[in-house]
Amino acid sequence: MYIKRILLAIVLIGLVVGGFFAYMVYGAFFTPNTAFNNEEAFVYIPTNASFPEVKERLAPLLKDIDAFASAADKKGYAQNIKAGKYLVRKGMNNNELINTLRVNNVPVKVAFNNQETLADLAGRISGQIEADSLSLLNAFTDKEFLAKNELDLETSLALYVPNSYEFFWNTDAEGFRSRMIKEYERFWNVTRKQKAKALGMTPNEVVTLASIVHKETAKVDERPKVAGLYLNRLRTGMLLQADPTVIYAIKKETGNYDTIIKRVLYKDLEVDSPYNTYKNSGLTPGPIKMPDISAIDCVLNPEKHDYYYMVANVENFGYHMFASSLAQHNRNKEQYVRWINTQKIKR
């Protein structure tokens, strides 16, 4: 009888201890542990982050960071951290948090357009993924990479097709660059390549002309006409004489791409640069900016006409007046010069 009482006591103690242990385990793993009021929050885990770094980033979002750390240790997460962007939902428990941090890396939208230089592009991208601007710029300008892809520093901007893409936040510079090669190849499909060939141009030359068209007019509906004009000039061996190329040449020569030039002066036309299409025939050595897709497709699908000249239309701002002859162009130009002089725009 005495032995039975001892055994019963041991069993009861075991149940109490087991129940307490189960309660502690349940509390550590399955009790809600978020501390924010919104429905969701995001946490960014850097590449090669240590567990203390993970705790530091999670601490503002959790009620009990120590309980999370204990659960993470028991589940082996602390030894197997994965970089990325992770969605934390209100009311998540530690078990759900750890499972999320293991497998649910959330893609981010990366968008870019209209960048004027590789440095601008690197800065734009670095604000959207983990890679910093210096590592991106180094990847963009790597000589071996450029040579392998038949590019150089002047033409390399043509590789990056402006759009919105999905990336994992922890993408590094080389990973971003590799993806852009695939997107470039996808963009330049058989149809676009055939249209470029029919124009007697390579894809990169099309992008270069598109950059000039893009800078010449912000009106998308006018771009096919402007593209047709420049193509007419190229076919006949005329100089492009595009003011945006002169402005770019000045910026490139000075190294100040923030320069604002509203009026191109006659002295500017003398700038000694391969980007000055008033002095050099054919296209510029590379794009003068990143053209958007509409500008590229306008070069591939230009309006057919016999225009060779254009000047800003002061009666329909944003658009141009076109002419087939120099005499007509000079009459149009007089109207523009009179207007710009009344505006007292010096530069």
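Above this text is the structure in question.
The model shown is predicted, which means the values in this text are computed figures rather than measured ones. (Residues numbered from 1 in each chain as written. Predicted model: local features only at pLDDT ≥ 70, side-chain atom pairs only at ≥ 80, totals over all residues. Heavy atoms only, no water.)

## Focus on the layout of surface pockets
Right, on to step 1. Reported here for the largest pocket is a volume of approximately 1400 Å³.
Right, on to step 2. Taken together, 44 residues make up the lining of the largest pocket; nearest its centre are Glu 216, Asp 243, Val 264, Ala 312 and Tyr 336.
Right, on to step 3. Mapped by element, the contributors of at least two residues to the lining of the largest pocket are α10 (203–216), α11 (223–236), α12 (243–254), β5 (309–312) and α14 (326–342).
Right, on to step 4. For the lining of the largest pocket, the element with the most residues is α14, which contributes 7 residues.
Right, on to step 5. For the lining of the largest pocket, the per-class residue count stands at 28 nonpolar, 7 polar and 9 charged. (1 Å grid on protein atoms, 1.4 Å probe; cavity = no way out; pocket = protein on both sides within 12 Å on 5 of 7 lines; lining within 4 Å. Points joined across faces, edges and corners; volume = space filled by probe spheres on them. Helix = DSSP H or I, 4+ residues; strand = E, 2+ residues; numbered from the N terminus. Nonpolar A, V, L, I, M, F, W, Y, C, P; charged D, E, K, R; others polar.)

## With respect to the pairing of strand β1 (residues 40–45)
Right, on to step 1. Of the two faces of β1, only one is covered, namely that formed by Ala 41, Val 43 and Ile 45; the face formed by Glu 40, Phe 42 and Tyr 44 stays uncovered.
Right, on to step 2. Bridge analysis of β1 against strand β2 (residues 84–89) gives 6 bridges, and the strand direction is antiparallel. Along β2, the bridge assignment pairs Phe 42 with Leu 87. (Buried < 20%, exposed > 50% of the residue type's maximum accessible area, 1.4 Å probe, protein only. Pairing = 2+ DSSP bridges.)

## Structural notes on the pattern of salt bridges
Right, on to step 1. For the coordinates displayed, the defined rule picks out 7 salt bridges.
Right, on to step 2. For Glu 40, the salt bridge goes to Arg 89, with nearest N and O atoms at 3.6 Å. Taken together, the residues Glu 40 in strand β1 and Arg 89 in strand β2 connect sequence positions 49 residues apart.
Right, on to step 3. Taking the relative accessible area as the measure of exposure, Glu 40 reaches 37% and is therefore partly exposed.
Right, on to step 4. Note that Arg 186 is salt-bridged to Glu 183, the shortest N-O span being 2.9 Å. You can see Arg 186 and its partner Glu 183 sitting in helix α8 (residues 173–187), 3 residues apart, about one turn around the helix.
Right, on to step 5. Residue class for Glu 183 comes out buried when judged on its relative accessible area of 12%. (Salt bridge = Lys/Arg side-chain N within 4 Å of Asp/Glu carboxyl O.)

## Some thoughts on the nonpolar core
Right, on to step 1. Ranked by size, the top nonpolar core spans 62 residues in total, and within it Phe 112, Tyr 160, Phe 176, Trp 188 and Tyr 230 carry the most contacts.
Right, on to step 2. One finds Ala 69, Ala 71, Ala 72 and Tyr 86 within the second-largest nonpolar core, a separate group that totals 24 residues. (Core = buried A, V, L, I, M, F, W, Y, C linked by side-chain atoms within 4.5 Å.)

## Structural notes on empty space enclosed by the protein
Right, on to step 1. One pass over the full model with this rule turns up 1 cavity of 30 Å³ or more.
Right, on to step 2. Here the largest cavity defines a volume of roughly 40 Å³.
Right, on to step 3. Lining the largest cavity are Leu 157, Ala 158, Tyr 160, Val 161, Pro 162, Phe 187, Trp 188, Val 207, Met 290, Pro 291 and Ile 296.
Right, on to step 4. The class makeup of the residues in the lining of the largest cavity is 11 nonpolar, no polar and no charged.

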